[in-house]
Amino acid sequence: MKKISILICFILLVLTSCNHQNKGVIEAITVEEMQSLIHLDDVQLVDLRSKKDRLLQGYIENSQHIDFNSDTFESDIENLDKSKPVALYCNSGKRSAECAEKLIEAGFVKIFDLKGGVSEWKHKGKELVLD
């Protein structure tokens, strides 16, 4: 009986440790941290706002656009590399937080979420690209 209990505990330990290894990580970051992060080659910078907001307000340089509220959102995120970090931003941080959770569910490993979004970026005097 004791051997069976030990075996069950060992199996549970192995199964739960495997689940944690596959779980991605979401890190909320400041404007200053984002500014440093976007200069790294392997970071995928994603603007989640609408096309209209991106055009009217501007966007962070070198970001790619994936509209969180688009009908193609799910297929659009599949074009990202799951093994590379993803840095997300929206207008205030709400959509990026929701998107970060979806990316974790989709198997992404490391997600950075800009606290306060573009609103905070502008408040801190950082530049946006206007087309």
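The structure contained in this document is the topic of the report that follows. From a predicted model like this one, the values you see are computed outputs, not experimental measurements. Within each chain, residues carry numbers counting from 1 in the order of the written sequence. pLDDT decides what is reported in this predicted model: residues at 70 or higher carry local features, side-chain atom pairs at 80 or more are listed and counted, and totals for whole chains, interfaces and linings draw on all residues regardless. Calculated side-chain values reflect all of the structure's heavy atoms, with hydrogen atoms and water omitted.

Details of the side chain of Arg95
Going by this rule: A run of DSSP states H or I qualifies as a helix once it reaches four residues; a run of E qualifies as a strand once it reaches two. Both are numbered from the N-terminal end. Burial here depends on accessible area, computed with a 1.4 Å probe over protein chains only, as a share of the maximum for the residue type. Under 20% is buried, over 50% is exposed, and the range in between is partly exposed. Charge assignment: positive for Lys and Arg, negative for Asp and Glu; neither His nor the chain ends contribute. By salt bridge we mean one thing: a side-chain nitrogen of Lys or Arg within 4 Å of a carboxyl oxygen of Asp or Glu.
Looking at the secondary structure, you find Arg95 in helix H5 (residues 94-105). Lacking a salt bridge, the buried Arg95 has Asp53 as its closest oppositely charged neighbour, with an N-O distance of 4.3 Å.

Quick word on the nonpolar core
Selection rule: What makes a nonpolar core is a set of buried Ala, Val, Leu, Ile, Met, Phe, Trp, Tyr and Cys residues whose side-chain atoms join them at distances within 4.5 Å.
Among the nonpolar cores identified, the biggest contains 16 residues, and Leu48, Leu88 and Leu103 are the most heavily contacted of them. Considering each element in turn, this core owes the most residues, four residues, to H5. Counting 15 residues, the second-largest nonpolar core is a separate cluster that includes Met34, Val43, Tyr59 and Ala87.

Observations regarding the side chain of Asp47
Filter applied, for reference: A 3.5 Å cut-off defines polar contacts: any pair of N or O atoms within that distance qualifies, except that in protein one atom must be a possible hydrogen donor and the other a possible acceptor, and neighbouring residues in sequence count only when both atoms are side-chain atoms. Residues are treated as being in contact if the distance between any of their heavy atoms lies within 4.5 Å.
Structurally, the position occupied by Asp47 is in strand S2 (residues 44-47). At 3.2 Å, the side chain of Asp47 and the side chain of Tyr89 are in polar contact. Setting aside its immediate chain neighbours within four residues, Asp47 contacts Arg54, Tyr59, Ser63, Gln64, His65, Ile66 and Tyr89.

The values reported here are purely geometric and, on their own, carry no functional implication.
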